[in-house]
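# Commentary on secondary and tertiary structure
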Amino acid sequence: MKEYDFEPIRGLPEQLPPGEELLWQGAPRWNVLARRVFHVRKIAVYFLLLAVLLAFGWADQGGVAAVVQGTLWIAMLATLAIGALVLLAWGMARTTVYTITSRRVVMRIGVALPMMMNLPFAQIRTADLRRYADGCGDIPLLLAESARPSYVLFWPHVRPWTFSPPRPMLRAIPDVDRVAGILADALKAFAESGEEQDSASDSEAESSPAAAS
């Protein structure tokens, strides 16, 4: 049995209610997560500089053989560290599904502990856009003051270093301009429709464990 066999619709905990439409679904790009969340390029540069600096000491102590041996150890450590971070980025991208409907944003996130984060449009005050040169980007969401999302639970699907209040974020998504347009149009249509949530529980960003095998 697979991890999300109980999802009636991929990325959603239940069937959409009448009148609610699925507008878009997507996931982060693992390579963008690796670069911008886990900073694998910076870590690679760190190990490279470390190897260069230590090489001078090894050359004085043991000559070429010591330099080669020490550099191999640094290379092994760098490979293990970067490989683990890349694998984690791949796992996060594989298990994440972002969904935009005509009434809400839903984030299925989590590798070890899958979670469903439900963000009704009624609680989304603004949606911003951060675009990268490769066409990917982030869409951070500013929620109503009554919503108190957890930075820890949402990480890394949250705007970095923004704690008061935390801002859930669709992160490292491809074709971000098109996705931002879909979300902007949906928020505008929702506001113009004058729809209200049926219960007080819908006024807060909710989270619940996803079904797992």
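For the structure, check the block above.
Residues numbered from 1 in each chain as written. Predicted model: local features only at pLDDT ≥ 70, side-chain atom pairs only at ≥ 80, totals over all residues. Heavy atoms only, no water.

Turning next to the pairing of strand β8 (residues 158-163). As paired elements, β8 and strand β9 (residues 166-173) share two bridges and run antiparallel to each other. Among the inter-strand pairings, F163 is bridged to a residue of β9, identified as P166. Hairpin remark: β8 followed by β9, antiparallel, with two residues in the connecting loop. (Pairing = 2+ DSSP bridges. Helix = DSSP H or I, 4+ residues; strand = E, 2+ residues; numbered from the N terminus.)

All right, on to unusual backbone geometry then. With omega at 5 degrees, the peptide bond leading from W155 into P156 counts as cis. Within the fold, P156 resides in the loop between α3 (151-154) and β8. The linkage connecting S164 with the following residue, P165, adopts the cis geometry, with an omega of -5 degrees. With respect to the helices and strands, the residue P165 is situated in the loop between β8 and β9. Of note in this structure, H39 is not a glycine but carries a positive phi near 55 degrees. The topology assignment puts H39 in the loop between α1 (30-36) and α2 (40-95). Taking the relative accessible area as the measure of exposure, H39 reaches 32% and is therefore partly exposed. With a phi angle near 60 degrees, W161 is a residue other than glycine that sits in the positive phi range. Its location among the elements puts W161 in strand β8. The exposed category is assigned to W161, whose relative accessible area is 73%. (Buried < 20%, exposed > 50% of the residue type's maximum accessible area, 1.4 Å probe, protein only.)

Structurally, the position occupied by S150 is in the loop between β7 (137-143) and α3. By relative accessible area, which is 28% here, S150 ends up partly exposed. As for S150 and R167, which are separated by 17 residues in sequence, their C-alpha atoms are 9.2 Å apart.

So, about the side chain of N118. Residue placement: N118 occurs in strand β4 (residues 115-120). Looking at N118, its side chain comes within polar contact range of the side chain of R104, at 3.3 Å. (Polar contact = N/O pair within 3.5 Å; in protein donor to acceptor, adjacent residues only side chain to side chain.)

This part covers helix α4 (residues 176-193). For α4, built from 18 residues, the straight-helix expectation of 26 Å at 1.5 Å per residue is met to within 8% by its first-to-last C-alpha distance of 26 Å. Of the positions making up α4, those classed as buried are V176, V179, A180, I182, L183, A186, L187 and F190. Viewed along the axis of α4, the buried residues span an arc of 160 degrees, placing them on a single side of the element. Exposed and oriented more than 90 degrees from the buried face of α4 are D185, K188 and E192. Remark: G194 follows α4 within two positions and exhibits a positive phi of approximately 70 degrees. (Expected span 1.5 Å × (residues − 1). Arc of directions from axis to C-beta.)

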